[in-house]
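Here is what each chain is made of, one letter per residue.
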Amino acid sequence: MPKTRNISFSYTEYTSADEMAPSDRELVVSSREIAMNAYAPYSNFKVGSAVRLQSGRVVTGTNVENAAFPSGICAERTALSNAISNFPGDRPVAIAVSAVTPSGPTGDQVSPCGLCRQFIAEEELRNGKKIRIILSGKDKILVIDSISDLLPLQFNKDDLRTVLP
């Protein structure tokens, strides 16, 4: 007999970065500032990401578009790749994502695309620790405990064991 199941999650919502802990506020501000450096001549959708590492260091990245779409890269993967490449062993503990327009942050928060969700999930699995996700918009900021909340039935290395020895 089939069963219907429900997947849900909780998140914390802030109306301003000023309400947040200083370390989270720093990530939001960094992600908004770095977003202005994004190379987005085709979509004009500039996204910045800031990753806090376990040591407290903040590493940033932006989206970079390419005329040979979809060969560009998202801000989240840029920032995480920067952290992994330059600070191996200093694991990510939080990541903030912001999109901006010439007049400032977008009204609504943006959420990582599927590819970025998978990338973050792999990093959580690799380190055995959750990465808090901070989604920043002008009107509200959401804080989510783990990428598992945004990607609940994720594909990971355990799935490969069914086909690989």
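A brief structural summary. (Residues numbered from 1 in each chain as written. Predicted model: local features only at pLDDT ≥ 70, side-chain atom pairs only at ≥ 80, totals over all residues. Heavy atoms only, no water.)

**Topic: unusual backbone geometry**
At step 1: Here Phe69 and Pro70 are connected by a cis peptide whose omega angle stands at 10 degrees.
At step 2: Tracing the backbone through its elements, the reader meets Pro70 in the loop between strand E3 (58-62) and helix H2 (75-86).
At step 3: Although it is not a glycine, Asn44 adopts a positive phi angle of roughly 60 degrees. (Helix = DSSP H or I, 4+ residues; strand = E, 2+ residues; numbered from the N terminus.)

**Overview of a nonpolar patch on the surface**
At step 1: A cluster of nonpolar side chains, namely Tyr39, Tyr42, Val64 and Ile73, defines an oily patch on the protein surface of about 370 Å² accessible area.
At step 2: Relative to the helices and strands, Tyr39 resides in the loop between helix H1 (22-35) and strand E2 (46-53). (Patch = residues over 30% accessible without salt bridge, like charges linked within 9 Å, V, L, I, M, F, W, Y side chains within 5 Å. Areas by Shrake-Rupley, 256 points an atom, 1.4 Å probe, with all protein chains shown as cover. Salt bridge = Lys/Arg side-chain N within 4 Å of Asp/Glu carboxyl O.)

**A short note on the packing of aromatic side chains**
At step 1: For the coordinates displayed, the defined rule picks out one aromatic pair.
At step 2: An angle of 50 degrees between the planes, with centres 5.9 Å apart, marks the rings of Phe9 and Tyr11 as tilted.
At step 3: Among the residues examined, Phe9 registers a relative accessible area of 35% and is labelled partly exposed. (Phe/Tyr/Trp six-rings, centres within 6.5 Å; stacked < 30°, edge-to-face > 60°. Buried < 20%, exposed > 50% of the residue type's maximum accessible area, 1.4 Å probe, protein only.)

**As for the pattern of salt bridges**
At step 1: The final tally for this structure, using the stated rule, is three salt bridges.
At step 2: The partner of Arg132 in a salt bridge is Asp24, with the nearest N and O atoms 2.3 Å apart. Remark: Asp24 occurs in helix H1 and Arg132 occurs in strand E6 (residues 132-136); sequence separation between them is 108 residues.
At step 3: The buried category is assigned to Asp24, whose relative accessible area is 8%.
At step 4: We note a salt bridge from Arg126 to Glu123, for which the minimum N-O separation is 2.8 Å. Taken together, the residues span about one helical turn, with Arg126 and Glu123 both in helix H3 (residues 114-127) at a distance of three residues.
At step 5: Of the residues examined, Glu123 reaches a relative accessible area of 5% and is grouped as buried.

**What about the side chain of Glu76?**
At step 1: Mapped onto the secondary structure, Glu76 falls in helix H2.
At step 2: Within the buried set, Glu76 has no salt-bridge partner at all; the shortest N-O distance to an opposite charge, 6.5 Å, is to Arg77.
At step 3: Among all residues touching Glu76, those that are not within four sequence positions of it are Ser49, Ile95, Val97, Pro112 and Cys116. (Lys, Arg positive; Asp, Glu negative; His and termini not counted. Contact = heavy atoms within 4.5 Å.)

**A few points about the nonpolar core**
At step 1: Grouped together as the largest cluster of nonpolar side chains are 22 residues, with contacts concentrated most on Val51, Ile95, Ile120, Ile133, Leu135 and Ile147.
At step 2: Elements that contribute at least two residues to this core include exactly E2, H2, strand E4 (92-101), H3, E6, strand E7 (141-144) and helix H4 (147-150).
At step 3: A per-element tally of this core places H2 first, with four residues.
At step 4: Discounting residues that sit within four places of it in the chain, Ile95 has contacts with Leu27, Ser49, Ala50, Val51, Glu76, Leu80, Ile120, Ile131, Arg132, Ile133 and Ile134.
At step 5: With 11 residues, the next largest nonpolar core counts Ala17, Met20, Leu27 and Ile134 among its residues. (Core = buried A, V, L, I, M, F, W, Y, C linked by side-chain atoms within 4.5 Å.)

**Brief notes about the environment of Ser81**
At step 1: You can see Ser81 is positioned in helix H2.
At step 2: Remark: the alpha-carbon pair of Ser81 and Gly61, spanning 20 residues in sequence, is separated by 8.7 Å.
At step 3: There is a polar contact of 2.8 Å between the side chain of Ser81 and the backbone oxygen of Arg77. (Polar contact = N/O pair within 3.5 Å; in protein donor to acceptor, adjacent residues only side chain to side chain.)

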